[in-house]
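Residue strings, one per chain:
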Amino acid sequence: MESPWMAAARLMAESLRRRVSLKSLAISMYSRAPRGFKAEVRSVAVGAVRNFMLLDRLLLLAGANIESMSLERLCYARVLAYLLKLRGASLNDPKVGEVARASRLDGRSLKMLGRLEVEDAYAGLEGLDKLSIKYSMPMWILESLVKVGAPRLEPLLRRLQRDPSRWIRVSTHRVTREELVRRLSRRGFKLKADSDLDDVLQVLSFKGGITETPEYRAGLYHVQDKASVLVGHVARSEVGVHVDLTGGPGGKITHLAQLERYGVACDVSMARCSSIRELARRLRVAVDAVLCDSRLPPLRLRGRSIVLVDPPCTNLGRLCYEPEVKAWMTEDMVREFAKLQRSLLRAAAEAAPRGTVVVYSVCTFTRDECERVVEDALSLGLEPVDQRPFIGEAAAPSRKAQRLYPHIHDTAGFYIAKLVKV
Ligand SMILES: C[S@@+](CC[C@H](N)C(=O)[O-])C[C@H]1O[C@@H](n2cnc3c(N)ncnc32)[C@H](O)[C@@H]1O
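Residues numbered from 1 in each chain as written. Predicted model: local features only at pLDDT ≥ 70, side-chain atom pairs only at ≥ 80, totals over all residues. Heavy atoms only, no water.

**Q** How should I be thinking about the overall build of the chain in this particular structure?
**A** Tallying secondary structure elements over the chain gives 19 helices and 13 strands in all. Relative to a compact globule of 422 residues, whose C-alpha radius of gyration would be 22 Å, the chain shows 23 Å and is just as compact. Dimensions of the chain along its principal axes, counting C-alpha atoms only, are 75 × 50 × 35 Å. Restricting to contacts in the chain with at least 6 residues of sequence separation, those with at least 24 account for 68%. About 18600 Å² of surface is accessible on the chain, with carbon and sulfur atoms providing 49% of the total. Of the charged side chains in the chain, 68 are positive and 49 negative, and the gap between their average positions amounts to 4 Å. (Helix = DSSP H or I, 4+ residues; strand = E, 2+ residues; numbered from the N terminus. Rg over C-alpha atoms; globule rule 2.2 N^0.38 Å. Contact = heavy atoms within 4.5 Å. Areas by Shrake-Rupley, 256 points an atom, 1.4 Å probe, with all protein chains shown as cover. Lys, Arg positive; Asp, Glu negative; His and termini not counted. Charge placed at Lys NZ, Arg CZ, Asp CG, Glu CD.)

**Q** What am I meant to see in the domain arrangement of the chain here?
**A** In many reports, interface size means the accessible area that the parts give up when they come together. Split into domains, the chain comes out as domain 1 (4-136), domain 2 (166-223) and domain 3 (226-421). Taken together, the contacts link 21 residues of domain 2 with 19 residues of domain 3. Note on domain 2 versus domain 3: buried area summed over both sides is about 1600 Å², and carbon and sulfur give 51% of it. Looking only at domain 2, the three residues that lose the most surface to domain 3 are Trp167, Arg169 and Leu197, adding up to 38% of its buried area. For the pair domain 2 and domain 3, the interface holds two salt bridges. Among the salt bridges present, the one from lysine 226 reaches aspartate 194, with a minimum N-O distance of 3.0 Å. Taken together, the links from domain 2 to domain 3 amount to 16 residue pairs in polar contact (both at pLDDT 80 or more). Among the secondary structure elements, those contributing two or more residues to the side of domain 2 that touches domain 3 are strand 1 (166-170), strand 3 (200-205), helix 12 (214-217) and strand 4 (221-223). In terms of residue count, the dominant contributor to the side of domain 2 that touches domain 3 is strand 1 (four residues). Classifying every residue of the side of domain 2 that touches domain 3 gives seven nonpolar, six polar and eight charged. (Domains from an automatic or database assignment. Buried area = accessible area lost by both parts, 1.4 Å probe. Salt bridge = Lys/Arg side-chain N within 4 Å of Asp/Glu carboxyl O. Polar contact = N/O pair within 3.5 Å; in protein donor to acceptor, adjacent residues only side chain to side chain. Nonpolar A, V, L, I, M, F, W, Y, C, P; charged D, E, K, R; others polar.)

**Q** Which parts of the structure should I look at to understand the pattern of salt bridges?
**A** Any two side chains of opposite charge can pair, so long as their charged atoms come close to each other. Inspection of the entire model under this criterion finds 23 salt bridges. With a closest N to O distance of 3.3 Å, arginine 18 and glutamate 14 form a salt bridge. Note that arginine 18 and glutamate 14 are positioned in helix 1 (residues 4-18) at a spacing of four residues, about one turn of the helix. In this structure, arginine 335 and aspartate 332 form a salt bridge, with 2.7 Å as the shortest nitrogen-oxygen distance.

**Q** How should I be thinking about the site of the ligand in this particular structure?
**A** Surveying the vicinity of the ligand reveals 21 residues, the closest of which are Asp244, Gly251, Asp267, Asp293 and Asp310. Contacts to the ligand include proline 249, whose backbone N or O atom sits 3.5 Å from an oxygen atom. Contact distances for the ligand include 2.7 Å between an oxygen atom and a side-chain N or O atom of aspartate 267. Burial of the ligand by the protein amounts to 86% of the accessible area it has alone, namely 610 Å². Looking at the shell around the ligand residue by residue, the classes come out as seven nonpolar, seven polar and seven charged. (Near = heavy atom within 4 Å.)

**Q** Help me understand the sheet that holds strand 1 in this model?
**A** Strand-to-strand pairing in sheets goes through backbone hydrogen bonds, with the strands running parallel or antiparallel. If you walk across this open sheet you meet the four strands as 2-3-1-4, and the pairing is antiparallel. Here the strands that pair on one side only, and so sit at the sheet edges, are strand 2 (190-193) and strand 4. The sheet shows a mean angle of 35° between the axes of neighbouring strands, taken without regard to direction. The pairing of strand 1 with strand 4 spans three bridges and is antiparallel. By the bridge assignment for strand 4, arginine 169 is matched with histidine 222. (Pairing = 2+ DSSP bridges. Axes fitted to C-alpha atoms, helices over the stretch in contact; angles between N-to-C directions.)

**Q** Honestly, the packing of helix 1 against helix 3 (residues 35-50) in this entry has me stumped. Any pointers?
**A** Between two packed helices, what matters for the description is the angle formed by their axes and the separation of those axes. It is the contact of helix 1 with helix 3, at a shortest axis distance of 8 Å, that shows an interaxial angle of 55°. As summarised for this structure, helix 1 and helix 3 are arranged oblique, according to the angle between their axes. The hand of the helix 1/helix 3 crossing is right-handed. Of the residues in helix 3, those in contact with Pro4, Trp5, Ala7, Ala8, Leu11, Met12 and Leu16 of helix 1 are Phe37, Glu40, Val41, Val44, Ala45, Ala48 and Val49. Along the lines of polarity and charge, the residues of the contact of helix 1 with helix 3 split into 13 nonpolar, no polar and one charged. (Parallel < 35°, antiparallel > 145°, perpendicular 65-115°, else oblique. Left-handed = near helix turned anticlockwise from the far one by under 90°.)

**Q** Before we go on, may I ask you to explain the nonpolar core in this structure?
**A** Nonpolar side chains tend toward joint burial in soluble globular proteins. Among the nonpolar cores identified, the biggest contains 76 residues, and Leu80 and Leu113 are the most heavily contacted of them. With 10 residues, helix 5 (residues 71-85) is the single largest residue contributor to this core. Of the residues that make up this core, three or more belong to each of domain 1 (4-136) and domain 3 (226-421). Counting 60 residues, the second largest nonpolar core, distinct from the first, contains Trp167, Cys313, Ala349 and Ile416. (Core = buried A, V, L, I, M, F, W, Y, C linked by side-chain atoms within 4.5 Å. Buried < 20%, exposed > 50% of the residue type's maximum accessible area, 1.4 Å probe, protein only.)

**Q** Teacher, can you tell me more about unusual backbone geometry here?
**A** The phi angle of most residues is negative, glycine excepted, and most peptide bonds adopt the trans form. Of the consecutive residues glycine 248 and proline 249, the connecting peptide bond is found in the cis state with omega at 5°. Position of proline 249 among the secondary structure elements: in the loop between strand 5 (242-244) and helix 14 (251-260). Going from alanine 396 to proline 397, the amide bond is cis rather than trans, its omega being 5°. Within the secondary structure, proline 397 sits in the loop between strand 11 (393-395) and strand 12 (401-404). If you check the backbone angles, arginine 152 has positive phi at about 50° while not being a glycine. For arginine 152, a relative accessible area of 52% puts it in the exposed group. Unusually for a residue other than glycine, aspartate 410 sits at a positive phi of about 60°. Within the fold, aspartate 410 resides in the loop between helix 19 (406-409) and strand 13 (414-421).

Structure, rendered in structure tokens:
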């Protein structure tokens, strides 16, 4: 059987080639592998992809001609550099030797790589150039973080290099938070009640899989980032029907249905509509899933609806979860996402009767996908209004939107604006 380090390099190459998340690929490629093997594959692939620019720089300094390598060979070389430089592994370890052979680095480069220090990768660089290599963050992403005025840039970059905090949403229509804590504690979970949101628990540690408990199967909780649960609380209203125009896989609409008894989720993807239905079934909430393109307003909105627009985005706020995204995302893709986001929010604004509340949220940082999309829709009669709970940093328009940051709020990076049609 191949070593987990060889498997990690293959997984990384496949993920970058197909632009598919490491996690979903690992599930399909190693579904039958033992848990320990899978954990090691994931940990090495994630570590190597998190540091891909730093590792490439070390390989270049070692004299490797990385431009001429195939993607697969480059990923073997990256995993090798990662094991040697960031994991303290030794070339004398036969499993490292196997990765070295697959990378086909020559003896001179291997020797040189052995001598280099991690800091050599950014020695002589200053400012953003240094941060870009040190934290393997492409320059265009760094510049967009600077443009939005992200507070304390280096701590943010450092935080994005680590795993996210784990959050679960309690199915409060079925179980109290205290009761769920009691039940999961008996299974070896360590949990902390969140002080901002009364249906959220932070998972400090757990035994086995977080989704492998009878409580999970029975729908007593859902794994969902705290920032995403916050969107549900911001959108929640006792009056009116909640509609998520981009609803798959159903995290936010099932939350709204648990809080307010019912929700409608639209999605352009059949698979996503199935995920919404499956999730609603497990959590035992009432959600109707509608297969449609929400750029052509699918529903006749009546009375005081609450409409959520939570469109696809560059996912840069989720780099703690999926660091591979930074290796393939481009500025052109930001423009493509922004176009789709604008047309979805505009369609919602045009279809909404007066008094409709529209909540716009994205798990990313770029201004083009956040403030600019909302500002574009203001001309269609949407006005920013106060939102509660407000736990993030104030953002445009009118400082009424909020931004959440991983290093400050310990959540995914999110932008949330609440608007009303006047
Ligand atoms: C970020 S996800 C939404 C997450 C969801 N709100 C939740 O909380 O689970 C974006 C979703 O928008 C859907 N989508 C993309 N374009 C769409 C369109 N034109 N109309 C409706 N849904 C669309 C995608 O299929 C995807 O499921």
